[in-house]
Each structure stands twice: as C-alpha cells, then as structure tokens.
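Observations on chain architecture
Below are the chains, spelled out letter by letter.
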Amino acid sequence: MAIVLLADDDPDYRDAFAVALEAVGHRVTTVASGAEVKAAIAADLPDIVFLDVLMPGGGAISLIHEIHGTHPGLPVVVITGNAAVFSSPIVTEGMRGADARIPKSVSLGEISQIIDSLLARTNPA
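Residues numbered from 1 in each chain as written. Predicted model: local features only at pLDDT ≥ 70, side-chain atom pairs only at ≥ 80, totals over all residues. Heavy atoms only, no water.

Turning our attention to the packing of aromatic side chains. Taken as a whole, this structure holds 2 aromatic pairs when the rule is applied. For the ring pair Tyr 13 and Phe 17, a centre distance of 5.7 Å and an interplane angle of 50° mean the geometry is tilted. On the criterion of helical spacing, the pair formed by Tyr 13 and Phe 17 is a turn pair, its members being 4 residues apart in helix H1 (residues 11-23). Residue classification places Tyr 13 among the buried residues on the basis of a relative accessible area of 14%. With 5.0 Å between their ring centres and 65° between their planes, Phe 17 and Phe 50 make a pair best called edge-to-face. On the criterion of sequence distance, the pair formed by Phe 17 in helix H1 and Phe 50 in strand S3 (residues 48-52) is long-range, its members being 33 residues apart. When sorted by exposure, Phe 17 lands in the same class as Phe 50, which is buried. Of the aromatic side chains, those joined through ring pairs into one cluster are Tyr 13, Phe 17 and Phe 50. (Phe/Tyr/Trp six-rings, centres within 6.5 Å; stacked < 30°, edge-to-face > 60°. Helix = DSSP H or I, 4+ residues; strand = E, 2+ residues; numbered from the N terminus. Buried < 20%, exposed > 50% of the residue type's maximum accessible area, 1.4 Å probe, protein only.)

On to the pattern of salt bridges, then. Any two side chains of opposite charge can pair if their charged atoms end up close together. Taken as a whole and assessed by the stated rule, the structure comprises 5 salt bridges. Salt-bridge contacts for Arg 27 lead to Asp 44; the nearest nitrogen and oxygen are separated by 2.6 Å. Of the two residues, Arg 27 is situated in strand S2 (residues 27-31) and Asp 44 in the loop between helix H2 (34-43) and S3; the sequence distance between them amounts to 17 residues. On the accessibility criterion, Arg 27 (36% relative accessible area) is partly exposed. A relative accessible area of 30% places Asp 44 in the partly exposed class. The salt bridge involving Arg 121 is made with Asp 99; its shortest N-O contact spans 2.5 Å. A residue pair is termed long-range when its members are at least 10 positions apart, and Arg 121 in helix H6 (residues 108-122) and Asp 99 in the loop between helix H5 (89-94) and strand S5 (100-103) qualify at 22 residues. If you follow the salt bridges from partner to partner, you end up with Asp 8, Asp 52 and Lys 104 in one network. (Salt bridge = Lys/Arg side-chain N within 4 Å of Asp/Glu carboxyl O.)

Pasting the structure below:
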C-alpha cells in the first residue's frame, strides 16, 4: 500500500483516480490546486505525488522543483489530459525533474506499475 497525493483541478478525474487507487489498496489524498500541495505534503508525507501539468496556484513544472527541494527522494509523476501539452518541448524540458510522465488516459494497471516501480526504487528491499 502506498500513500498517494493527487493534485488535479478536474474533480471528476480526481474522484475517479482516488476511487480506483483505493480499490487496489492505496490511501489517496486529493487536492485541487498547486497551492494546496505543500500543505498536504506537510500534513501527511505521501509515498508518491501525482501532479497535473496545469492547475490554479501552480502546476507540475513549478511544483516539481519545490517538492524535490524539500523532499529530494519523493517520487513525482506528472499527469495531463492535454496531448499537445504532454508532448510540448517547453513543457517536457520543464518537467525533466519528474520521475514519470503519463497521460490521464493511462490504465489503472499502468498506474499501479508506475507506483510499484518508483516505490521499489526509493525503498529498495
């Protein structure tokens, strides 16, 4: 089981993501803006963070650097539903600090594999 923080301004996606990950045994905290991310991390340090690229109060590009500055080993996965943004060279370069980048259309199985892989890397047995 992982403690997952999801930051996304789309309430339908946020709810579906949380329900799906909870169904496979993870504990999920959700926030709706970049401004809420730091407070959520301070309140309950997650094992992994999923950040939407574009959100009110700051998106993934600015938050990756802040999170890695205060919690260097905390895995950060960038998510987006916008294909043009996902493949944009400017955004890709800005997100190079991400541990993974995924489209919102990715399957629950793929998300679970990413979580397992990143947690195994940060917490080797």
